[in-house]
Amino acid sequence: MTGWDTGGSRCSESMFARELVLKQRTEILHALCSSGSAELLERVLDLLLAQGELVWEEYQNVQVPGRALYTNARHLLDLVYTKGVDTCEIFLAAFKQVVPERQGADLPSSGCCLDLEKKDESQITATHTLLIDRPSLVSKLQDCIDGALEALTVSGNFTSADCDDVQLPIHTPSQQARRLLDHVRSKGESAAKVVLHYIQQQGSGASRTQEKLTPPKEFQKYQKKLSSSVSAQSCFLSTYGGTSHMSLDEIYTEGQLELAHDCADPHGPLDLEDIIGAAGTVNEEADTVLVSGEAGRGKSILLQRLHLLWARGAALQDFLLLFPFSCRRLNSEQRELSVQELLFQHCCWPDKEQEEIFQFILDHPHLTLFTFDGLDELKQSFSDDHRLCCPTQRAPVHILLFNLMQGSLMKGVWKVVTSRPEAVGPLLRKHLRKEVFLKGFSPSGINCFVKKHHSDPTVAAKVLESLQTNTALLGLCHSPVLCWIVSQCHKELLGCGEGSLQTITDVYMMILQHFLQRRSTLKNAMGSGWLQEHLKTVLHLGQLAFDGIGTTCYIFSCTDLKTCGVTEKDISLGFLIRSKDMSAANSKHYEFLHVTMQCFFAALYIVLSSNTDRATIPKLFELQDMRETSQKGKCFMACLPTTAQQEQTQGTKASAAETTNLQITATFVSGLLSPHHRSLWLYCCPRSVMEKKIKQVSRCLSKGMQKHFKSISQPVAGEKKSMHAMPGFVWLIKCIYEMQESRIAKDAINKLDVDHLKLTYCDIGPVECTALAYVLQHLRNPVGLQLDNNSVGDVGVEQLLPCMHMCSSLYLRNNNITDQGICKLIAKVIQCENFQKIALFNNKLTDACTQHFSLLLKTKQDFLCLRLGNNNITAEGAKQLAEGLKVNHSLQYLGLWGNKIGDEGAEAMARALENSRSLIWFSLVGNGVGNAGACALANIIKNSSSLEELWLTENCITRTGVECLIQALEHNTHVKSIWLRNNDLSSEEEEEMTQRESRLVF
Ligand SMILES: Nc1ncnc2c1ncn2[C@@H]1O[C@H](COP(=O)(O)OP(=O)(O)OP(=O)(O)O)[C@@H](O)[C@H]1O
Ligand SMILES: [Mg+2]
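Since this is a predicted model, take the numbers as computed values, not measurements.

Asker: What's the story with the overall build of the protein in this structure? I'm lost.
Answerer: Within the protein one finds 47 helices and 24 strands. Burial status across the protein gives 59% buried among its 1002 residues. Excluding contacts between residues fewer than 6 apart, the proportion of contacts in the protein whose partners are at least 24 apart in sequence is 77%. Summed over all atoms, the accessible surface of the protein reaches about 41,000 Å², with 51% contributed by carbon and sulfur.

Asker: I'm lost on the sheet that holds strand β11 (residues 556-557) in this one. Help?
Answerer: Strand pairing in a sheet takes place through backbone hydrogen bonds and is either antiparallel or parallel in direction. Spatially, the 3 strands line up as an open sheet ordered β11-β13-β12, and their pairing is antiparallel. Both outer strands of the open sheet, β11 and β12 (576-578), are each paired with one neighbouring strand and no more. One ladder, built from 3 bridges, connects β12 with strand β13 (residues 589-592); its direction is antiparallel. Following the sheet pairing, Ile-577 is matched in β13 by Glu-591.

Asker: Would you take a moment to explain the side chain of Ser-479 for this structure?
Answerer: Within the secondary structure layout, Ser-479 lies in the loop between α23 (471-476) and α24 (480-488). Not counting residues up to four positions away in its chain, the partners in contact with Ser-479 are Ala-295 and Gly-296.

Asker: Looking at this structure, I do not really get the environment of Gln-517. What am I missing?
Answerer: Within the secondary structure layout, Gln-517 lies in helix α26 (residues 504-518). Note: C-alpha distance between Gln-517 and Leu-573 (56 residues apart in sequence) is 9.6 Å.

Asker: I keep staring at the packing of aromatic side chains and nothing clicks. Help me out?
Answerer: Scanning the model with the defined rule gives 28 aromatic pairs in all. Measuring from centroid to centroid gives 4.9 Å for Trp-56 and Tyr-59, while their planes differ by 40 degrees, and the two rings are tilted. Within this pair, Trp-56 and its partner Tyr-59 are both found in helix α4 (residues 56-62), separated by 3 residues, close to a single helical turn. In this structure, Trp-56 and Tyr-59 share a single accessibility class: buried. Geometrically, the ring pair formed by Tyr-737 and Tyr-774 is edge-to-face, given 5.3 Å between the ring centres and 80 degrees between the ring planes.

Asker: Before we go on, may I ask you to explain the side chain of Ser-674 in this structure?
Answerer: Note on placement: Ser-674 falls in the loop between α34 (656-672) and α35 (675-681). What makes Ser-674 buried here is its relative accessible area of 2%. In this structure Ser-674 touches Glu-738, Met-739 and Gln-740, once residues within four positions along its chain are discounted.

Asker: Explain the packing of helix α13 (residues 217-234) against helix α18 (residues 354-363) to me, please; I cannot follow it from the model alone.
Answerer: Pairs of packed helices are described in terms of their axes, by the angle between the two and the distance that separates them. Here α13 crosses α18 at 85 degrees, and the two axes come no closer than 9 Å. It follows from the interaxial angle that α13 and α18 lie roughly perpendicular. Contact with α13, carried on its side by Glu-218, Phe-219 and Tyr-222, involves Glu-356, Ile-357, Phe-360 and Ile-361 of α18 and no other residues of that element. Residue composition of the contact of α13 with α18, grouped by class: 5 nonpolar, no polar and 2 charged.

Asker: Sorry if this is basic, but what is going on with the state of the cysteines here?
Answerer: By definition, a disulfide links two cysteine residues through a covalent bond between their sulfur atoms. Summed over all chains, the structure comprises 1 disulfide. There is a disulfide in this structure between Cys-935 and Cys-964, and the S-S distance comes to 2.4 Å. Taking the sign of the S-S torsion, 75 degrees for the link of Cys-935 and Cys-964, the bridge is right-handed. Of this pair, Cys-935 sits in helix α45 (residues 931-943) while Cys-964 sits in helix α46 (residues 959-970); the two residues are 29 residues apart in sequence, bridging distant segments of the chain. Exposure remark for Cys-935: the relative accessible area of 25% places this residue in the partly exposed category. Residue class for Cys-964 comes out partly exposed when judged on its relative accessible area of 22%.

Asker: Got a minute to help me understand the sheet that holds strand β9 (residues 414-419) in this structure?
Answerer: Here we have 6 strands laid out as an open sheet, ordered β3-β10-β4-β9-β7-β5, and mixed in their pairing. Only two strands of the sheet have a single neighbouring strand rather than two, namely β3 (257-259) and β5 (321-326). Taken over all neighbouring pairs, the strand axes of this sheet differ in orientation by 20 degrees on average, direction set aside. Relative to strand β10 (residues 432-438), strand β4 (residues 288-292) is paired through 5 bridges, and the arrangement is parallel. Pairing of Ser-292 across the sheet is with Phe-437, part of β10.

Asker: What am I meant to see in the pairing of β4 here?
Answerer: The side chains of a regular strand alternate between the sheet's two faces. Of all 5 residues in β4, 5 are buried, a share of seventy percent or more. What you see with β4 is no split at all: Thr-288, Leu-290 and Ser-292 on one side and Val-289 and Val-291 on the other are buried throughout. Summarising the sheet, β4 and β9 pair through 5 bridges and their orientation is parallel. The residue bridging Val-289 from the neighbouring strand is Val-416, located in β9.

Asker: Quick question: what am I supposed to make of the nonpolar core here?
Answerer: The tendency in soluble globular proteins is for nonpolar side chains to be buried side by side. Counting 268 residues, the largest nonpolar core has Phe-621, Trp-681, Met-804, Phe-853 and Phe-922 as its most contacted members. A total of 12 residues in this core trace back to one element, the largest contributor, which is helix α31 (residues 595-608). Sequence-distant contacts of Phe-922, that is, excluding residues within four places in its chain, are made with Leu-894, Met-909, Leu-913, Leu-937, Ile-940, Leu-947, Glu-949, Leu-950 and Trp-951. Ranked by size, the runner-up nonpolar core spans 35 residues in total, among them Leu-41, Leu-49, Val-80 and Leu-131.

Asker: Would you explain unusual backbone geometry in this entry?
Answerer: Only a minority of non-glycine residues have a phi that is not negative, and only a minority of peptide bonds are not trans. Of note, the phi angle at Asn-789 is positive, near 55 degrees, even though the residue is not glycine. For Asn-789, the position within the fold is in the loop between β16 (783-786) and α40 (793-800). Here Asn-789 falls in the buried class, since its relative accessible area comes to 14%. The phi torsion at Asn-816 lies on the positive side, around 60 degrees, for a residue other than glycine. Topologically, Asn-816 is positioned in the loop between β17 (807-811) and α41 (819-829).

Asker: Sorry, what's going on with the pairing of β5 here?
Answerer: Among the 6 residues that make up β5, 5 are buried, leaving the element largely enclosed by the rest of the structure. Here 6 bridges tie β5 to strand β7 (residues 368-373), and the two strands are oriented parallel to one another. The residue bridging Leu-321 from the neighbouring strand is Thr-368, located in β7.

Asker: I would appreciate a short explanation of the packing of α24 against α26 in the present structure.
Answerer: Where α24 meets α26, the closest approach of the two axes is 9 Å, and the angle between their N-to-C directions is 45 degrees. Relative to α26, α24 is oriented oblique. For α24 against α26, the interelement crossing comes out left-handed. Taken together, the residues of α26 that come into contact with α24 (itself represented by Val-481, Leu-482, Trp-484, Ile-485, Val-486 and Gln-488) are Ile-504, Val-507, Tyr-508, Met-510, Ile-511 and His-514. In terms of residue class, the contact of α24 with α26 is made up of 10 nonpolar, 2 polar and no charged.

Asker: How should helix α38 (residues 742-750) be read in this particular structure?
Answerer: Given 3.6 residues per turn, any residue in an α-helix points the same way as the ones three and four places further on. Residues of α38 that are buried: Ile-744, Ala-745, Ala-748 and Ile-749. The buried residues of α38 occupy an angular sector of 115 degrees when the element is viewed end-on, so they sit on one face. On the buried face of α38, the contacting elements are α36 (687-710), α37 (729-739) and α39 (766-776).

Asker: Sorry if this is basic, but what is going on with the pattern of salt bridges here?
Answerer: Pairs can form between side chains of opposite charge once their charged atoms are near each other. Per the counting criterion, the structure on display carries 48 salt bridges. Across the salt bridge formed by Lys-23 and Glu-19, the nearest N and O atoms sit 3.8 Å from each other. With Lys-23 and Glu-19 both in helix α1 (residues 10-23), this residue pair falls 4 residues apart, about one helical turn. Assessed through its relative accessible area of 63%, Lys-23 is described here as exposed. As a salt-bridge pair, Asp-753 and Lys-721 come within 3.9 Å of each other at their nearest N and O atoms. Taken as a pair, Asp-753 in the loop between α38 and β15 (756-758) and Lys-721 in the loop between α36 and β14 (722-724) lie far apart in primary sequence, 32 residues in all. Within the structure, one salt-bridge network assembled from shared partners comprises Glu-39, Glu-42, Arg-43, Asp-46, Arg-134, Arg-178, Asp-182 and Asp-271.

Asker: Explain the environment of Ala-68 here, please?
Answerer: Inspection of the secondary structure puts Ala-68 in the loop between α4 and α5 (69-83). Measuring from C-alpha to C-alpha, the distance between Ala-68 and Gly-36 comes to 9.8 Å, with 32 residues separating the pair along the chain.

Asker: In this structure, what is going on with the confidence of the model for the protein? I would like to understand it.
Answerer: Predicted confidence across the protein gives a mean pLDDT of 86, with 89% of residues reaching 70 or more. With pLDDT under 50 throughout, residues 205-211 is counted as low confidence; its partners more than four residues away or in other chains account for 10 contacts. Scored below 50 in pLDDT, residues 632-650 shows 33 contacts in the model against residues more than four places distant or in partner chains.

Rules of the game
Residues numbered from 1 in each chain as written. Chains lettered and ligands numbered in written order. Predicted model: local features only at pLDDT ≥ 70, side-chain atom pairs only at ≥ 80, totals over all residues. Heavy atoms only, no water. Helix = DSSP H or I, 4+ residues; strand = E, 2+ residues; numbered from the N terminus. Buried < 20%, exposed > 50% of the residue type's maximum accessible area, 1.4 Å probe, protein only. Contact = heavy atoms within 4.5 Å. Areas by Shrake-Rupley, 256 points an atom, 1.4 Å probe, with all protein chains shown as cover. Pairing = 2+ DSSP bridges. Phe/Tyr/Trp six-rings, centres within 6.5 Å; stacked < 30°, edge-to-face > 60°. Axes fitted to C-alpha atoms, helices over the stretch in contact; angles between N-to-C directions. Parallel < 35°, antiparallel > 145°, perpendicular 65-115°, else oblique. Nonpolar A, V, L, I, M, F, W, Y, C, P; charged D, E, K, R; others polar. Disulfide = S-S within 2.5 Å. Core = buried A, V, L, I, M, F, W, Y, C linked by side-chain atoms within 4.5 Å. Left-handed = near helix turned anticlockwise from the far one by under 90°. Arc of directions from axis to C-beta. Salt bridge = Lys/Arg side-chain N within 4 Å of Asp/Glu carboxyl O. pLDDT = per-residue confidence, 0-100.

Quick look at the structure:
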């Protein structure tokens, strides 16, 4: 089946392949699985299937749904090894093809390549084609799953249950494509033909790459020049080690990219190219994609990676040109420019034929991509007042930018914009093709990053070990910028006591100490010596940062530095770095390592300086415009657009984009005034001043919370009193956490009097969970805590444990939680008297967690509601749950929608619930339940005096099963409805059954 480079050393090479698979097992497993996504393993499997190296049964034995990724990969390696030399060689070739070059750099290569050439097609059945073309079919299908499913349904090959099974939202588009192919295979030749025909039809439509284009010669030269300039600009990261550089290849770690939770497309982990792909498109007409994420989540680095991959020809190859822009740098462009000037002057200058090149861009807009990094840093907020559509007309740069983004200028050119979420208002949203959220590192991403960051594996292991002992810190490390600091300061990290780093401020204090002590003349300075020695530097940098925050200025000229007294020596400490490519002038410009670092220095200045206005702290916490408060603010006025300079700014609210940096600064101010750090400052400023500042901050926090509580409306009669977190609520909670004073937390939350606290879609990750638990544990009365549609994850769940005793119900739908997290959660809530309800719809739960729920049900005889819909629970899990259900006498609501419990599971549960006197509502929608299951469930109906609704929609029940249910209903007047839509009944049968029993709903 395979075509090898058959050289003389073939035999020894072959032996080598088998040995490699064995010896490099750990590395191979790591490369395939460490991202946490099954994609690489599945791609290898596709190739092996296509090559005929795995037969179908073997594939199914490897790819067991719901089993841990590593276990599946291990099974594959065992199988490949036992199959012998040839399979090992082919496996290694497939591995090499699939694993990204960098990741697999040190890993085995058999020196051979795969032969995926077409075989003699005349002999091949459609089913066979599905196998041998699997890799390309998966890639084609993932963009048109809906259409393919429709074709299969219309042709009668697929039922709606098949479609649902394929489209389970826990699968990525490519996984869905594979599931579709697997289903089609089980349906036979006719289904296979339908799919192949459908894909062929799709393929005949024009795609961007298929266009036959011969760009002019000068264009090609320009293209080369642009890509080498983009490559040069993007191959290094300047933040590592302060002054040293590190290559992006060496350190880049995949962040978690997600689509909106309510997005119509099924979603799962996305990769970089999906940013441009079809998944998640909400507006086909628009060509601007937004990548949004909080500060330090890696938006700029992600763009940098995209740029590098494009320049190298490794991604986005549908685009001939890519123009990268930084909004931070565009701020300093004072001239009016045309688009042509913007492209050529800011990105790359064509040596000849400018007009011709620009005309080519205009004629083929879809071959060009613009990226705009940090829209939130642009001084002007997005508006669509000033329309412009002529690419040669000059306008202020922000006007060009806004017109490009909304498509009135250069329609058809793709744009990727990054921004913090707060800076994106509804006005811009309506011009977006889609939005992708960058959520920072996954737990395995943290591992991966630390290992890449340290060439010495023992150091990496120590850092990771110490993170495991401090889950609050581990939570912080989901944010790449914090992960970098923690890893960078490994000496300090390992030197300080276990668990002593808890807050974001602690981490930034650690890097402050790290950089300062590196240059300290007092070796091993104890106590506050290191700070005292460098106090002047801290104040100079602090003032620069503070004035910059006040004037939305992130790039500083030498004059700015001088104004604040920043010297060459201060610069050499590493907090400031040289700005890249400031084309305006050749003079040097500087920026802080990261904006969050600027916020930290601004906070240090507010805490330590005696020069700040008394109103600074209240203004900061009220998120007011800070221009007035910055002492030397006037010197930075050059940074502001002229209109803003003329504005009377007193008392005005900061813009949404400025707000986030003020919030971050305020968070640091709270942290710096925590008892843990206070003592340090006493050496630098009078106690009375410090105490005043502490009082001011605690008053601001308490007042801020009160404002939120005042917005709670009175409940409608019969409903629970509930509070939906408004913007800013989570930030205040985080500030309170940073203060680390339980008295303040207690004071702030004590007055909250609600039954239900709703924090859905609030971007709650592990860090926010830590802060929430810290504050909510002081609640007076238990609440229902609704955290649906966030990114809590297992680490976040663990962080929530300290407040579980104040929780009556916990809603964690759509939060990336696995069995591991649930195991810890249940161990805790079993002991919590108030805890009665849990909802975990759409997470990553499997049969491995059901024994814990079973124990919960056995132990808590007042537990009311268990919802586990859209997870991966099979008959085995259902049997485990049944053990608990048998002895529980309180459960009223049980939801298992969209699992796979089948008849066997339904039977086990039915037996357990036969005599239940409490169950009111029970859902087994979309669980592959057939007649055996339905008949078993009929027994619950026969006996139950409590059940009101039974949901069996989207199963495979036929007339026989429904007859059982009808008979059972004859003995039961309590049941209100049984939902049976989308089962295997004809419409005539449905009609007849409804006539006989009106409580059946079809
Ligand atoms: N994918 C990644 N791999 C390795 N390191 C990363 C990655 N993403 C971010 N980092 C680290 O985190 C730091 C901050 O990332 P970045 O500047 O991209 O954040 P950002 O989301 O653009 O923040 P801001 O909103 O403040 O602009 C980087 O300087 C780098 O050290
Ligand atoms: Mg950025």
